[in-house]
Amino acid sequence: MRSLVSGVALSLALAAQASAEPRSFSINDPSGQFLVELLFPDAPQDLDQQSRALITVRDKTTLEILQQLQTPAAPVPLDHNGKTLDWRLVGESGVLYFADIDRDGRMDLAIRNGDGPAVGFQSNYDVYLQDPQKPHWVLNTALTELANDTSGSMFSVNPKDGVIHSQADRGCCWTRSSQWQMRDGQLVRLGFYTQEEVAPTEFGENSSMPSGYMLRTTGEWKNGQWQETPRLEGPV
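Residues numbered from 1 in each chain as written. Predicted model: local features only at pLDDT ≥ 70, side-chain atom pairs only at ≥ 80, totals over all residues. Heavy atoms only, no water.

Engineer: Just to check I follow, could you spell out the side chain of Thr150 for this structure?
Structural biologist: Structurally, the position occupied by Thr150 is in the loop between helix H3 (141–149) and strand S9 (156–157). Given the relative accessible area of 3%, Thr150 is considered buried. One polar contact links Thr150 to Ser166, side chain to side chain, over a distance of 2.7 Å. (Helix = DSSP H or I, 4+ residues; strand = E, 2+ residues; numbered from the N terminus. Buried < 20%, exposed > 50% of the residue type's maximum accessible area, 1.4 Å probe, protein only. Polar contact = N/O pair within 3.5 Å; in protein donor to acceptor, adjacent residues only side chain to side chain.)

The following block contains the structure:
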């Protein structure tokens, strides 16, 4: 009996080894100053599963290690033939996202960190800003929360003016597009546009609402004051 249990344990161990193996990727950041190494120590064969990953940032010239970061859950950026999927490696839907988010001329970094409540439709990211004094990246809470409120993928940053664009969807009938910007180290909302379907009320109620109406709300700064303007439109 003992030998049978030992055999089962050995088989399970060998199966685990066969189903997980290290996978590594190297990326030059857009500024050309850093080499970023992405390592999945135990990459699963099932590419629909996410796995722990280690991120090492090196000086591109000297290869000196500047910082090491990690994420508990990120998708391995490979197709089923073992070929690297560039869009899944770097970019708004990638494991890594590079941009000068705070407009200080330094490259910032976001790292995929699992999924949000709407699995498959919401990707979580940890957002790191580069320290102005040295090549070191610090987690920014406000930007991380904004990234995790964004539906589908990472928010996008306009490289010309630094405006951050985010869209959040809630179910079938609510969506918000918003614009933000980093100013003096703070995340500032510039404006938003929200559209939501107004639920119809039952026939015979005092304040009846027919179906097909949309409530559209615009938020913006006017003369130094924040204003929100709702507008009921329909039926559609």
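After that view, the rundown keeps rolling.
Engineer: Can you help me understand the pattern of salt bridges in this one?
Structural biologist: Two side chains with opposite charge may pair up if their charged atoms get near one another. Taken as a whole, this structure holds 7 salt bridges when the rule is applied. The residue Arg106 makes a salt bridge to Asp104 at a minimum N-O spacing of 3.5 Å. Judged by its relative accessible area of 29%, Arg106 is partly exposed. For Arg231, the salt bridge is made with Glu233, and the minimal N-O distance between the two is 2.3 Å. Exposure remark for Glu233: the relative accessible area of 27% places this residue in the partly exposed category. Overlapping salt bridges bring together Arg216, Arg231 and Glu233 as one network. (Salt bridge = Lys/Arg side-chain N within 4 Å of Asp/Glu carboxyl O.)

Engineer: Explanation requested: the environment of Asp131 in the structure shown.
Structural biologist: Relative to the assigned elements, Asp131 resides in the loop between strand S7 (123–130) and strand S8 (137–139). Between the C-alpha atom of Asp131 and that of Arg106, which follows or precedes it by 25 residues, the distance is 8.5 Å. Polar side-chain contacts of Asp131 include one of 2.6 Å to the backbone nitrogen of Gln133.

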